[in-house]
Amino acid sequence: METLIPTINRLQEVFLTVGAEIIHLPQIVVVGSQSSGKSSVLESLVGRDFLPRGSGIVTRRPLVLQLINVASPEERLKTENGVKAEEWGTFLHCKNQVFTDFGEIRQEIEAETERSSGNNKGITPEPIHLKIFSPKVLNLTLVDLPGITKVPVGDQPEDIESQVQEMILSFISNPNSLILAVSAANSDLATSDALKLAREVDPDGRRTLLVVSKLDLMDAGTDALEVLLGRVIPIRLGIIGVVNRSQHDINTQKSLGDCMKDEQAFLQRQYPSLASRAGSRYLAKTLSRLLMHHIRECLPDLKTRVTVLSAQYQTRLNSYGQPVEDHSATLLQIVTKFASDYCNTIEGTARYIQTSELCGGARICYIFHETFGRTLQSIDPLGGLSELDILTAIRNATGPRPALFVPEVSFELLVKRQIKRLEEPSLRCVELVHEEMQRIIQHCSSFSTQELLRFPKLHDSIVEVVTGLLRKRLPIANEMVHNLVAIELAYINTKHPDFTDAAQVSASVNSQQAEAVDASKRWKNEKVAEEKAPAVGFSSPSKGQPINLLDTGVPVSRKLTSKEQRDCEVIQRLIKSYFLIVRKTIQDSVPKTVMHFLVNFVKEHLQSELVGQLYKQTLLQDLLIESQDTAQQRTEVAQMLQALKKANNIISEIRETHLW
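Residues numbered from 1 in each chain as written. Predicted model: local features only at pLDDT ≥ 70, side-chain atom pairs only at ≥ 80, totals over all residues. Heavy atoms only, no water.

1. Re the overall build of the protein
For clarity, the threshold we go by: In this text, helices come from DSSP runs of H or I with a minimum length of four residues, and strands from runs of E with a minimum of two, each type numbered from the N-terminal end. Relative accessibility thresholds used throughout: buried, under 20% of the residue-type maximum; exposed, over 50%; partly exposed, between the two (1.4 Å probe, protein chains only). Here, two residues are considered to be in contact whenever any of their heavy atoms come within 4.5 Å of each other. Here the Shrake-Rupley method, with its probe set to 1.4 Å, supplies the accessible areas, and only the displayed protein chains count as covering residues.
What the protein contains, in helices and strands, is 20 helices and nine strands. In the protein, buried positions account for 45% of the 660 residues. Within the protein, residue pairs in contact and separated by at least 24 positions form 81% of the contacts whose partners lie at least 6 positions apart. When the accessible surface of the protein is split by element, carbon and sulfur atoms take 52% of a total near 35300 Å².

2. Focus: the packing of aromatic side chains
Operational definition: For Phe, Tyr and Trp, where Trp contributes only its six-membered ring, two rings pair if their centres lie within 6.5 Å, and the inter-plane angle classes them as stacked under 30 degrees, edge-to-face over 60, or tilted in between. Consider the ring centre and the ring normal. A charge sits over the ring if Lys NZ or Arg CZ is within 6 Å of that centre and within 35 degrees of that normal.
Enumeration over the complete set of coordinates arrives at seven aromatic pairs. Ring pairs connect the aromatic residues Phe411, Phe499 and Tyr578, which therefore count as one cluster. The lysine or arginine in question, Arg473, covers the ring of Phe601, its NZ or CZ lying 3.6 Å from the ring centre.

3. Topic: the nonpolar core
We apply this condition: Buried residues of nine kinds, namely Ala, Val, Leu, Ile, Met, Phe, Trp, Tyr and Cys, make up a nonpolar core once their side-chain atoms join them within 4.5 Å.
Core analysis: the biggest nonpolar cluster contains 68 residues, and Tyr342, Met437 and Leu610 have the highest contact counts within it. Those elements that place two or more of their residues in this core are helix 11 (327–347), helix 12 (361–377), helix 13 (387–398), helix 14 (408–419), helix 15 (423–448), helix 16 (456–490), helix 18 (562–614) and helix 19 (617–623). Among the elements that take part in this core, helix 18 stands out by supplying 18 residues, more than any other. For Met437, the contacting residues outside a window of four places in its chain are Tyr342, Ile346, Ile364, Leu470, Leu598, Val599 and Val602. Within the second largest apolar cluster, 61 residues are counted, among which are Phe91, Leu142, Leu178 and Leu299.

4. Examining the side chain of Glu436
Structurally, Glu436 is set in helix 15. In this view, Glu436 contacts Cys359, Gly360, Arg363, Ile364 and Ile367; residues no more than four positions away in its chain are not counted.

5. Description of the packing of helix 11 against helix 18
Relative orientation and spacing of two packed helices are given, respectively, by the angle between their axes and the distance between those axes. Definition in use: Only the stretch in contact is used when a helix axis is fitted, and all axes are lines through C-alpha atoms; the angle between N-to-C directions ranges over 0 to 180 degrees. The labels follow the angle: roughly parallel below 35 degrees, roughly antiparallel above 145, roughly perpendicular from 65 to 115, and oblique for the rest.
Axis separation between helix 11 and helix 18 bottoms out at 10 Å; the angle between their running directions is 170°. Relative to helix 18, the element helix 11 is oriented roughly antiparallel. Here helix 11 contributes Leu331, Leu332, Val335, Thr336, Phe338, Ala339, Tyr342, Cys343, Ile346 and Glu347 to the contact with helix 18, which in turn contributes Val599, Val602, Lys603, Leu606, Gln607, Leu610, Val611 and Leu614.

6. Some points on the packing of helix 16 against helix 18
Rules: For a crossing to be left-handed, the near helix must be turned anticlockwise from the far one by less than a right angle; the clockwise case is right-handed. Amino acids outside the nonpolar list (Ala, Val, Leu, Ile, Met, Phe, Trp, Tyr, Cys, Pro) and the charged list (Asp, Glu, Lys, Arg) are all regarded as polar, and Gly is one of them.
At a minimum axis separation of 9 Å, helix 16 and helix 18 run at an interaxial angle of 155°. On the basis of the axis angle, helix 16 is roughly antiparallel to helix 18. In this structure, helix 16 meets helix 18 at a crossing whose hand is right-handed. A breakdown of the residues in the contact of helix 16 with helix 18 according to their chemical character gives 24 nonpolar, six polar and four charged.

7. A word on empty space enclosed by the protein
Under the convention used in this document: Cavity means a closed set of points on a 1 Å grid over the protein atoms alone, one where a 1.4 Å probe fits but cannot get out, pocket means an open set with protein on both sides within 12 Å along at least 5 of 7 lines, and lining means a residue has an atom within 4 Å of a point. Grid points are joined across faces, edges and corners, and a volume is the space filled by probe spheres set on the points.
Here the structure, examined in full by the defined rule, presents two cavities of 30 Å³ or more. Every residue along the wall of the second largest cavity is listed here: Ile28, Leu178, Ile179, Leu180, Arg207, Thr208, Leu209, Leu237, Leu287 and Leu290. Elements with a minimum of two residues in the lining of the second largest cavity: strand 7 (177–184), strand 8 (208–213) and helix 10 (280–320). Among the elements that line the lining of the second largest cavity, the one with the most residues is strand 7, at three residues. Split by residue class, the lining of the second largest cavity holds eight nonpolar, one polar and one charged.

8. A word on the environment of Gly384
Here Gly384 lies in the loop between helix 12 and helix 13. When its relative accessible area of 61% is taken as the criterion, Gly384 is described as exposed. Through-space distance from the C-alpha of Gly384 to that of Gln418 is 8.7 Å; in sequence the pair is 34 residues apart. If near-sequence neighbours (up to four positions away) are discounted, Gly384 is found in contact with Asp389 and Arg417.

9. So, the pairing of strand 2 (residues 63–69)
Filter applied, for reference: A pair of strands counts as paired when DSSP detects no fewer than two bridges linking them.
The element strand 2 is extensively covered by neighbouring structure, given that six of its seven residues are classed as buried. In this sheet, strand 5 (residues 128–134) lies alongside strand 2 in parallel orientation, the contact comprising seven bridges. Of the residues in strand 5, the one forming a bridge with Asn69 is Ser134. Taken together, the five bridges between strand 2 and strand 6 (residues 140–144) define a ladder with antiparallel strand orientation. Note on strand 6: the bridge partner recorded for Leu67 is Leu140.

10. Focus on the side chain of Thr330
Within the secondary structure, Thr330 is located in helix 11. Taking the relative accessible area as the measure of exposure, Thr330 reaches 14% and is therefore buried. Those residues in contact with Thr330, other than ones at most four positions away along the chain, are Val324 and Leu624.

11. Describing the sheet that holds strand 6
Read from one edge to the other, the open sheet built from nine strands follows the order 4-3-5-2-6-1-7-8-9, with strand pairing classed as mixed. Each edge of the sheet is formed by a strand with only one pairing partner; in this case those strands are strand 4 (94–99) and strand 9 (239–241). Direction aside, neighbouring strands of the sheet carry axes that sit 25° apart on average. Bridging between strand 1 (residues 27–32) and strand 7 involves six bridges; their strand directions are parallel. Bridge pairing in strand 7 places Val31 opposite Ala181.

12. Let's talk about the environment of Ser116
By the secondary structure assignment, Ser116 is in helix 4 (residues 102–117). When sequence neighbours within four positions are dropped, the list of residues in contact with Ser116 reads Arg61, Thr124 and Glu126.

13. Some details on unusual backbone geometry
Positive phi values are uncommon outside glycine, yet Lys214 reaches one of about 60°. If you trace the backbone, Lys214 turns up in the loop between strand 8 and helix 7 (225–228).

14. Some details on the pairing of strand 7
Stated precisely, the cut-off is as follows: Handedness of a crossover is defined as follows: orient the strands so they point away from the viewer, and if the path from the first strand over the helix to the second runs clockwise, the crossover is right-handed.
Among the eight residues in strand 7, eight count as buried, and that is most of the element. Burial along strand 7 is two-sided: Ser177, Ile179, Ala181 and Ser183 facing one way and Leu178, Leu180, Val182 and Ala184 facing the other are all buried. Taken together, strand 7, helix 6 (residues 193–201) and strand 8 form a β-α-β motif whose crossover is right-handed.

Right, dumping it as structure tokens:
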């Protein structure tokens, strides 16, 4: 049991070397109002006068105080630098300096406080670490905090009260800490700020011990017996009364030994029934006992916590990789891995698969069959083509002669116009695939190839090479897709096997020819009959009034004759049938073209392009320079992992019998 507190002290030293407090270690936190007697209580535990004193707020930084009992004569007369002394102290910030004069310890505390907090009575949460070796102390770890204050004095900030309370709460919120609440006997315990803060974080009182100081300063005729017996406010861990040194004792430099004798005499005289359970000596023994039992309870959780953190930091250290030794091999390894990850992302076999959105090959497939496919399906074969446009095309195709049959030229003219509408969505499909292949670069950089994060210049160079390769292939893919549409426009194959409507229209045209011959014959007969009939008077236009035949406007819309309606329907039927054939061909050919000229080409030539552009002796050193953050983080994580391993070894040294 006696080794538990030194073990915690060793753990504290281990974690202080890396400047991190990732594990909450068991310790005793001293809390109290200004002038409640905290400093006197701590000095009585040490048996020496070493803390700064004065008016107002004196303790402006947390003081982590480790009391180490030095029992053997050999250890008493030996210090770290060979200076012989029975009692001495060391500071963490003065690693190679040993203080045998406790007056110098006080001066160093004041000087270190001034260096960090300034001389304006401000506070700072950065602690001062002090170890005191003495045969007169019991093994303890205490934290002295600034006294609770209400009103700012001097140059203190207006929110000094909230700053002090936040600092205190940050320490006592640690579930592994014991709270030593100090309250003066000549004040009302119900208004104790120390107890109020303690109850906020420890409502059950499992971690709180109350010290009632200044028992000798109570008003005449009153005593603190009811308070010490726990009848006013019960405290689970107990209530201990002490007598502090008076200002007269301090001014006359009365020794702490004499003060403790006077304290014991006062307790025997005023509180004879509690004299054996009060006083500074009893307080020290109680704190040591409580701390050892508390450490015993916390130790299994500490061991588990250290083990878990060791595994986490080992994983982090592995992610940073090792320092580069062989630049050529490292570059080839990273380039090969990136190219492999890029291709695997397209193929859908990547190690890191996103679940929040489509990416890589899956998104390319979605672009081909959903985005591009739906866009083509939404194009109306006759969109933007009115009956009047068709009729105008038919008339323009016949020249000055009235058309007896539907001219084939008008069909070709109109169907090419509709086929041209397929080019824009086809080129947009190429653009979308190109954008997705750009996104794959970032996906591989962020998730697949963690080593790239170590080398910013290499990362940027790889991105630049892949982007350049995609940029070179984009115009080629666009040109080939443009050619697909141009090929369809170059030759309208009316003998296409799927163009079945052409035969039906041909039969319809033959029937129209027969009807036209019959109509011609009827017209001739009617003409002969008209010539035989007597002439009817026909008034010719008077002179001076010429007729302009072009004055008659062409109607924007009118009712079509049956022949015109029939001709329009024929052309519409042919256009729709042939357009659907071409659309089906484009919908099938564009994805194949994009895959061949863009996606597959990049997959096949990516690694060779990266090696050719980056694997050059003049670039190796520059490309493989680690980022400053990565190198620093690797060092910090390695130090923390080393500290955790030391902590694990220290905990493992404790015999299992100490845990129960």
